[in-house]
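Report on the structure
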Amino acid sequence: MIDFLKIKSDFPIFKKNPNLIYLDSTATSLKPQSVIDKLIEYYSSYNANIFRGVYKISEKATEEYEKTREIIADFINAKKQEVIFTRNTTESINLIAYSLGRKIIEKNDEIIVSIMEHHANFVPWQVLSSEIGAVLKIIDIDEEGYLRIKDKKSRKINLYEIITKKTKILALTYISNVLGTINQIKKIIKSARKINPKIIIIIDSAQAVPHIKVDVKDLDADFIVFSSHKMMGPTGVGILWGKEELLTEMFPFLYGGEMIEEVTIEKTTFKRTPYKFEAGTPSIAEVIGLSEAVKYLEKIGLENIKNHEKNLTQKTIKRLLEEFSGKIKIFGPKNIEDRGGIISFTFDNFHSHDIASILDNENIAVRAGHHCAMPLHQRLGILSTVRASFYVYNNEEDIEKLIIGLKKVYQILKK
Ligand SMILES: Cc1ncc(COP(=O)(O)O)c(C=O)c1O
């Protein structure tokens, strides 16, 4: 049994801010001491650039950097050469849109996304479509926040009305950062490949990899992208996993140092994947720090994390509905099995920023706004929501503090 109350002491931010109730892990997670120590270890023991030096500390930095690549590969069941370090999920998606999208998309081809995408997995495809004259198709959601992809009669996933022979790319989120919906990605991928075997499938897993087990071989997507900072690792590191044969065919995204094989006045040849996608000095300390985040996640176990968040989500929804029945509207699936630890809601007719700033006075950190999902909010017919999200360091006390905070919000704003 994991003692989730004890876990809080692994996160030094709570020592400096003992009253902090942090409910914004969807935006970025807090970092355990072991990750912070690893950053300090690099800067204080073997601060050097990687791949360049033939001296000891550079060799050590290179070894730690490459060890992280192996750790990430094992974590998602991939090959080492398929793991590319970028700056964040956003850059990973832009890399695919630029290096592959621009090569394969022609006029009138189709790119499919969903209405629940984060802007990171919406805007690059919208821009690419409009530049080339391709069609951006958008999968809608139903009243509960599920993708509308099921056959009305059989209730089985049916993409025949969405995917055609002209569809080149399907880019979908695994877990919605607003609705919390866990999409049935494995079934969607299987169904999509049946209809169009050539389709390229990209899964935005920014909200999935930190919270549930993601096995790239099992899912059979072409690309999986996520961010270190949402999985307890440092900021400034994104991960792009892609099938080796696709990465090998793709052109680099950025050109310069580190990614070349040979440069002459006439021409340049590039290294193989993953190095041809990692131009310039990367976030060395941060990549190395990420290795400790993965170790920490594995120590707790993703199954335990998933269950802990499910438990907190279920209890929070129950308490919100008990205390604020008729005043609060919670978005996303009613079935707790279909959602991650994310709860977005509207409260009376109060503005989300007013709610969040009153909660902030009570040391409760929640997110207010459109959460980089404006098309989704437009679809829901609202301007913004308040979002509370959970991770390993949250517990039931936080739920009660949120309830007390929201009672205060009501008292103040209802005057
Ligand atoms: C589902 C989803 N995709 C992409 C992103 C973008 O991540 P990053 O800002 O690390 O690029 C986020 C961030 O909140 C997200 O929730």
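Residues numbered from 1 in each chain as written. Predicted model: local features only at pLDDT ≥ 70, side-chain atom pairs only at ≥ 80, totals over all residues. Heavy atoms only, no water.

**Digging into the environment of Glu397**
When you line up the elements, Glu397 lands in helix H14 (residues 396-413). It is 32 Å that separates the C-alpha atoms of Glu397 and Val237, two residues lying 160 residues apart in sequence. (Helix = DSSP H or I, 4+ residues; strand = E, 2+ residues; numbered from the N terminus.)

**Here's the deal with the sheet that holds strand E15 (residues 385-389)**
Ordered in space as E11-E12-E15-E14, the 4 strands form an open sheet in which the pairing is antiparallel. Whereas interior strands pair on both sides, the edge strands pair on one side only; in this sheet they are strand E11 (328-330) and strand E14 (367-369). Taking each pair of neighbouring strands and ignoring which way they run, the sheet shows an average axis angle of 30 degrees. In this structure, E11 lies alongside strand E12 (residues 342-347), joined through 3 bridges in antiparallel fashion. Directly across from Ile330, in E12, lies its bridge partner Phe345. Across the face of the sheet, helix H12 (residues 352-361) comes into contact with E12, E14 and E15 while running at roughly 160 degrees to E14. (Pairing = 2+ DSSP bridges. Axes fitted to C-alpha atoms, helices over the stretch in contact; angles between N-to-C directions. Contact = heavy atoms within 4.5 Å.)

**A look at the site of the ligand**
Surrounding the ligand, one finds 14 residues, the nearest of these being Thr90, Asp204, Gln207, Ser227 and Lys230. Within the contact set of the ligand, an oxygen atom lies 2.7 Å away from a side-chain nitrogen or oxygen of His229. Computed on the free molecule, the ligand has an accessible area of 400 Å², of which 89% lies beneath the protein chains in the complex. Among the residues forming the shell around the ligand, the class breakdown is 2 nonpolar, 10 polar and 2 charged. (Near = heavy atom within 4 Å. Polar contact = N/O pair within 3.5 Å; in protein donor to acceptor, adjacent residues only side chain to side chain. Areas by Shrake-Rupley, 256 points an atom, 1.4 Å probe, with all protein chains shown as cover. Nonpolar A, V, L, I, M, F, W, Y, C, P; charged D, E, K, R; others polar.)

**Examining unusual backbone geometry**
Cis geometry marks the peptide bond from Thr273 to Pro274, where omega comes out at 5 degrees. Positive phi values are uncommon outside glycine, yet His371 reaches one of about 50 degrees. With respect to the helices and strands, the residue His371 is situated in the loop between E14 and helix H13 (374-380). Overall, His371 belongs to the buried group, its relative accessible area being 8%. (Buried < 20%, exposed > 50% of the residue type's maximum accessible area, 1.4 Å probe, protein only.)

**Here we look at helix H10 (residues 284-300)**
If you check H10, its first and last C-alpha atoms are 26 Å apart, about what 17 residues at 1.5 Å a residue would give, namely 24 Å. Looking one or two places after H10, you find Gly301, whose phi comes out positive at around 95 degrees. (Expected span 1.5 Å × (residues − 1).)

**A closer look at the sheet that holds strand E4 (residues 135-139)**
One key point about sheets: their strands pair by backbone hydrogen bonds, in either a parallel or an antiparallel sense. Pairing in this open sheet of 7 strands is mixed, and the strands run E2-E8-E7-E6-E5-E3-E4 from one edge to the other. Every other strand in the sheet has two partners, leaving strand E2 (83-86) and E4 as the edge strands with one partner each. Each adjacent strand pair in this sheet contributes to an overall mean axis angle of 20 degrees, direction not counted. Taken together, the 5 bridges between strand E7 (residues 223-227) and strand E8 (residues 238-242) define a ladder with antiparallel strand orientation. The partner of Ile224 across the bridge, within E8, is Trp241. Across the face of the sheet, helix H4 (residues 56-76) comes into contact with E2, E7 and E8 while running at roughly 120 degrees to E2.

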